[in-house]
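Residues per chain are reported as follows:
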Amino acid sequence: MKSILVNPPKQPIRAEIQLAASKSECNRALIINALTGFQCELSNISEARDSQTMLRLLNSSDPVADVIDAGTTMRFLTAYFAVSNQQKTMTGTPRMCERPIGILVDALRFLGADITYEKQQGYPPLKLNGFSYSGNNEIAMRGDVSSQYISALLMIAPELPAGLTIQLEGEVGSKPYIEMTLKQMAHFGIDYKADWKTNRITIPPTKYQPQPYAIESDWSGASYWYSIVALAEDAEVELLGLKKDSLQGDSAIVNIMRHLGVESVFTERGVLLTKIPPAASIGWDFTDCPDLAQTVAVCCAVKGIRLSLTGIESLKIKETDRIFALQQELKKLGSELVEIEKDHLYEVHGIEDAGLINSPSIHTYDDHRMAMAFAPAGMVFPVIIEEPDVVVKSYPGYWKDLSKVTSWEEV
């Protein structure tokens, strides 16, 4: 599909949605399973392209591992292939090869990996040439870089002869993703010590114990349904497969969306979303949940709620520069994302009159979250989403699920 037109619903929304599995949980479980020698029984494996790519590459003997555009797959597999002494060339799309990986490579080299850059220093493609343990068992890393680097090292740490201690320096970003990694490791028998006062994590040398593991539904995917309920005139949606005590940092959407007019009631099957009065403004630090920023920004823009955002610096090195992308596309809605303090504080100014908006065409920048964050605007006015197939990266069934609550058509 080249583009689709999402139309406002003609009747009240009442729906049950079986969400896709969490690719964040799934990708960690797949790496841990590989480290047990593929002895675990995993259920609800994600259909997201990132996870399916991870699964395919873990089971491939091909010397070239092409991760396409999957950041977690690139970082997790680089660490896994290195510590398991496999010779691989790691590569991906042109955009993937623009996303930095030098901090992880430096750490793996310190531990004993032989890794060379095939083109630009600090960026894929990489050549993994084997592993000879250096004897180093303590490493210092910046805490404000991608948590995927840290999680990649944590998961291979039990395989090292002396384990590994990671000292995180400065502010720690996306901490819930690090905690998710540690809790999943604990499920498979790893005893860790994490002191968040000193930001020091110690993993002893231990063997992973094969265990069954059921992957939870995806809270990132849930966020778009929160936006749909917030923006629709009359809506009640039950999202199946979510847990109140989730390991996923994006479960923060529950508290964020309460300010935007959505109440959450947990049920035996998941969570029921209903409408409540919204606030006039909201400020939120997205340091621990950056993948929610686009969804919340668009929702606030359309509802006319003033939003102050911090903690979104990492969005510049995602699938696209998401800050730039938001700035460009929000203009088409009559809104704007303004940088108040450089690389720190931003504001979204709400739309003054949604009735004046005439089917804006949203460019998605090869970014699944741009497509899914802007589509809920179609609850209020018709909106065109360009290149809608980008959703396969994390939520392949998104458009099918959306058709349960409103109509859309190819244009």
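Residues numbered from 1 in each chain as written. Predicted model: local features only at pLDDT ≥ 70, side-chain atom pairs only at ≥ 80, totals over all residues. Heavy atoms only, no water.

Asker: Looking at this structure, how should I read the sheet that holds strand E8 (residues 138-142)?
Answerer: Hydrogen bonds along the backbone pair up the strands of a sheet, which may run parallel or antiparallel. Overall, mixed pairing links the 4 strands, which are arranged E8-E9-E11-E10 in an open sheet. For this open sheet the edge positions go to E8 and strand E10 (193-195), each flanked by a neighbour on one side alone. With strand direction ignored, the average angle separating the axes of adjacent strands in the sheet is 15°. Lying over the sheet, helix H4 (residues 102-111) contacts E8 and strand E9 (164-169), oriented at roughly 170° with respect to E8. Each of E8, E9 and strand E11 (200-203) is contacted by helix H5 (residues 147-156), which is oriented at about 165° to E9, the strand it contacts most. (Pairing = 2+ DSSP bridges. Helix = DSSP H or I, 4+ residues; strand = E, 2+ residues; numbered from the N terminus. Axes fitted to C-alpha atoms, helices over the stretch in contact; angles between N-to-C directions. Contact = heavy atoms within 4.5 Å.)

Asker: Would you mind showing me how to read empty space enclosed by the protein here?
Answerer: Applying the stated criterion across every chain, the model contains 1 cavity of 30 Å³ or more. The calculated volume of the largest cavity comes to roughly 40 Å³. Surrounding the largest cavity, Ser22, Ser24, Tyr177, Met180, Asp218, Ser220, Gln248, Gly249 and Asp250 form its lining. Across the lining of the largest cavity, the residue classes tally to 2 nonpolar, 5 polar and 2 charged. (1 Å grid on protein atoms, 1.4 Å probe; cavity = no way out; pocket = protein on both sides within 12 Å on 5 of 7 lines; lining within 4 Å. Points joined across faces, edges and corners; volume = space filled by probe spheres on them. Nonpolar A, V, L, I, M, F, W, Y, C, P; charged D, E, K, R; others polar.)

Asker: Just checking my understanding: could you explain a negative patch on the surface for this structure?
Answerer: Among the surface-exposed residues, Asp366, Glu387, Asp389 and Glu410 lie close enough to one another that they form a single negatively charged patch. Its place among the elements puts aspartate 366 in the loop between strand E20 (361-362) and helix H11 (368-374). For aspartate 366, a relative accessible area of 60% translates into the label exposed. (Patch = residues over 30% accessible without salt bridge, like charges linked within 9 Å, V, L, I, M, F, W, Y side chains within 5 Å. Areas by Shrake-Rupley, 256 points an atom, 1.4 Å probe, with all protein chains shown as cover. Salt bridge = Lys/Arg side-chain N within 4 Å of Asp/Glu carboxyl O. Lys, Arg positive; Asp, Glu negative; His and termini not counted. Charge placed at Lys NZ, Arg CZ, Asp CG, Glu CD. Buried < 20%, exposed > 50% of the residue type's maximum accessible area, 1.4 Å probe, protein only.)

Asker: It is not clear to me how the pattern of salt bridges should be interpreted in this structure. Could you clarify?
Answerer: Pairing is possible between side chains of opposite charge, provided their charged atoms come close. Applying the stated criterion to the full structure yields 22 salt bridges. A salt bridge links aspartate 69 to lysine 393; the nearest nitrogen and oxygen atoms lie 3.6 Å apart. With a gap of 324 residues between them, aspartate 69 in the loop between strand E4 (64-66) and helix H3 (71-83) and lysine 393 in the loop between strand E21 (383-386) and helix H12 (398-402) connect regions that are remote in the sequence. Taking the relative accessible area as the measure of exposure, aspartate 69 reaches 13% and is therefore buried. On the accessibility criterion, lysine 393 (1% relative accessible area) is buried. The residue arginine 322 makes a salt bridge to aspartate 367 at a minimum N-O spacing of 2.7 Å. Taken together, the positions of arginine 322 in helix H10 (residues 322-331) and aspartate 367 in the loop between E20 and H11 put the pair 45 residues apart, joining distant regions of the chain. Because the salt bridges share partners, they merge into one network encompassing Lys23, Arg49, Asp50, Asp69, Asp291, Lys318, Glu319, Arg322, Asp367, Arg369 and Lys393.

Asker: Quick question: what am I supposed to make of the layout of surface pockets here?
Answerer: If a probe as big as a water molecule is rolled over the atoms, it shows which places are left empty. Its boundaries defined by the atoms lining it, the largest pocket holds a volume of some 760 Å³. Around the largest pocket sit 36 residues that line it, and Val145, Ser146, Ser174, Ser314 and Lys318 are the ones nearest its centre. Of all the secondary-structure elements, those providing two or more residues to the lining of the largest pocket are helix H1 (23-35), H3, H5 and H11. Counted as a void, the second largest pocket has a volume near 200 Å³. Lining of the second largest pocket is provided by Arg49, Asp69, Thr93, Arg95, Met96, Arg99, Glu319, Thr320, Tyr365, Asp366, Val390 and Lys393. For the lining of the second largest pocket, a count of residues per class yields 3 nonpolar, 2 polar and 7 charged.

Asker: Even after reading the chapter, I still don't get the packing of helix H2 (residues 49-58) against H3, so can you show me in this structure?
Answerer: For any two helices packed against each other, one specifies the inter-axial angle together with the distance between the axes. The contact between H2 and H3 brings their axes to 10 Å, and the two run at 25°. Here H3 runs roughly parallel to H2, going by the angle between their axes. Here H2 runs over H3; the crossing is right-handed. Between H2 and H3, the residues in contact are Asp50, Thr53, Met54, Leu57 and Leu58 and Thr72, Thr73, Phe76, Leu77, Tyr80 and Phe81, respectively. Taken together, the residues of the contact of H2 with H3 sort by class into 7 nonpolar, 3 polar and 1 charged. (Parallel < 35°, antiparallel > 145°, perpendicular 65-115°, else oblique. Left-handed = near helix turned anticlockwise from the far one by under 90°.)

Asker: Any chance you could explain the nonpolar core here in plain terms?
Answerer: Side chains that are nonpolar tend, in soluble globular proteins, to be buried together. The biggest cluster of nonpolar side chains holds 75 residues, and the ones touching the most others in it are Tyr226, Leu239, Ile385 and Trp399. With 9 residues, helix H7 (residues 219-231) is the largest single contributor of residues to this core. If we skip the residues at most four places from it in the chain, leucine 239 touches Ile17, Leu19, Ala222, Trp225, Tyr226, Arg269, Gly270, Val271 and Leu273. Membership of the second largest hydrophobic core comes to 63 residues, among which are Cys40, Leu42, Ile115 and Ile166. (Core = buried A, V, L, I, M, F, W, Y, C linked by side-chain atoms within 4.5 Å.)

Asker: Honestly, the environment of alanine 232 in this entry has me stumped. Any pointers?
Answerer: Positionally, alanine 232 belongs in the loop between H7 and strand E13 (235-240). The exposure class of alanine 232 is buried, given its relative accessible area of 2%. Spatially, the C-alpha atom of alanine 232 lies 6.7 Å from that of valine 380, the residues being 148 residues apart in sequence. Non-local contacts of alanine 232, meaning those with residues more than four positions away in its chain, are made with Ile13, Lys275 and Met379.

Asker: Mind showing me how you'd approach the environment of histidine 344 here?
Answerer: Tracing the sequence through the fold places histidine 344 in the loop between strand E18 (336-341) and strand E19 (345-349). When the C-alpha positions of histidine 344 and glutamate 313 are compared, they lie 6.9 Å apart, and in sequence the two are 31 residues distant. Once residues lying within four places of it in the same chain are set aside, the contact partners of histidine 344 are Leu309, Thr310, Gly311 and Glu313.

Asker: Can you walk me through H1 in this structure?
Answerer: Every α-helical turn comprises 3.6 residues, leaving residues that sit three or four positions apart pointing alike. Taking 1.5 Å as the rise per residue, H1 with 13 residues should run 18 Å; its terminal C-alpha atoms sit 18 Å apart, in good agreement. Most of H1 is tucked away: 13 of the 13 residues are buried. Capping of H1 at its N-terminal end is provided by serine 22; its side-chain oxygen lies 3.3 Å from the backbone amide nitrogen of serine 24. (Expected span 1.5 Å × (residues − 1). Polar contact = N/O pair within 3.5 Å; in protein donor to acceptor, adjacent residues only side chain to side chain.)

Asker: So what exactly am I meant to see when it comes to H10 here?
Answerer: Taken as a whole, H10 has its buried residues at Arg322, Ile323, Ala325, Leu326, Glu329 and Leu330. The arc that holds every buried residue of H10, seen down its axis, measures 160°, which confines them to one face. Where H10 is buried, its residues touch helix H9 (293-303), E18, E19, E20 and H11. (Arc of directions from axis to C-beta.)

Asker: It is not clear to me how the sheet that holds strand E16 (residues 281-285) should be interpreted in this structure. Could you clarify?
Answerer: As summarised here, the arrangement of the 4 strands in space is E16-E17-E19-E18, forming an open sheet in which the pairing is mixed. Strands with a single pairing partner mark the edges of an open sheet, and in this sheet they are E16 and E18. For this sheet the average axis-to-axis angle between neighbouring strands, irrespective of direction, equals 20°. Pairing geometry for E16 and strand E17 (residues 306-310), over 5 bridges, is parallel. Within E17, the residue paired with tryptophan 284 across the bridge is leucine 309. Sheet strands touched by H9: E16, E17 and E19. Its angle to E17, the strand with the most contacts, is close to 160°. Across the face of the sheet, H10 comes into contact with E18 and E19 while running at roughly 135° to E18.

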